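What follows is the residue order along each chain.
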Amino acid sequence: MKKYEVMYIVNASLDDAARQQVIDGLHAIITDNGGKILKVDDWGVKEFAYRIEDMTKGYYMVVTFEADNATVKEFDRLSRINANIVRYMIIKQDEK
């Protein structure tokens, strides 16, 4: 399995329970498909540099995980269709 890092931004207008449900759902995609979450950084609410879809703030999360390609593709697919995810980026980390 390869090591990846994903940063995603959740819609800040969600209440705490709904936001936690979205975050848990994204983490479940990784773990249910055989991946392993190594580290979770909760950056909290931050202002955007510019407006995105009439939003000025977002809830930032950074997750480091190990997974195979199929798990990463599934995470990518489900993140695209989730309306509560404003933006996301997946990066493969070097094996150093």
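Residues numbered from 1 in each chain as written. Predicted model: local features only at pLDDT ≥ 70, side-chain atom pairs only at ≥ 80, totals over all residues. Heavy atoms only, no water.

Brief notes about the packing of aromatic side chains
The full count for this structure, using the stated rule, is four aromatic pairs. Ring centres of Phe48 and Tyr60 lie 6.4 Å apart, and the angle between their planes is 65°; on these two criteria the pair is classed as edge-to-face. Taken as a pair, Phe48 in strand E2 (residues 36–52) and Tyr60 in strand E3 (residues 55–67) lie far apart in primary sequence, 12 residues in all. Assigned by exposure class, Phe48 and Tyr60 land together as buried. Centre to centre, the rings of Phe65 and Phe75 are 6.4 Å apart; their planes meet at 35°, and the pair counts as tilted. Residue Phe65 is located in strand E3, and its partner Phe75 is located in helix H2 (residues 69–81); the two are separated by 10 residues in the primary sequence. You can call Phe65 buried: its relative accessible area is 0%. Against the face of Tyr59 rests Arg19, its NZ or CZ located 4.2 Å from the ring centre. (Phe/Tyr/Trp six-rings, centres within 6.5 Å; stacked < 30°, edge-to-face > 60°. Helix = DSSP H or I, 4+ residues; strand = E, 2+ residues; numbered from the N terminus. Buried < 20%, exposed > 50% of the residue type's maximum accessible area, 1.4 Å probe, protein only. Lys NZ or Arg CZ within 6 Å of the ring centre and 35° of its normal.)

Digging into H2
End to end, H2 covers 19 Å across 13 residues, agreeing with the expected 18 Å (1.5 Å per residue, within 8%). Turning to H2, its buried residues number three or more, namely Thr71, Val72, Phe75 and Ser79. Projected down its long axis, H2 carries its buried residues within an arc of 100°, all on one side. Opposite its buried face, H2 presents the exposed residues Ala70, Lys73, Arg80 and Ile81, each directed more than 90 degrees away. In this structure, the buried residues of H2 make contact with strand E1 (2–11), helix H1 (16–32), E3 and strand E4 (85–92). (Expected span 1.5 Å × (residues − 1). Arc of directions from axis to C-beta. Contact = heavy atoms within 4.5 Å.)

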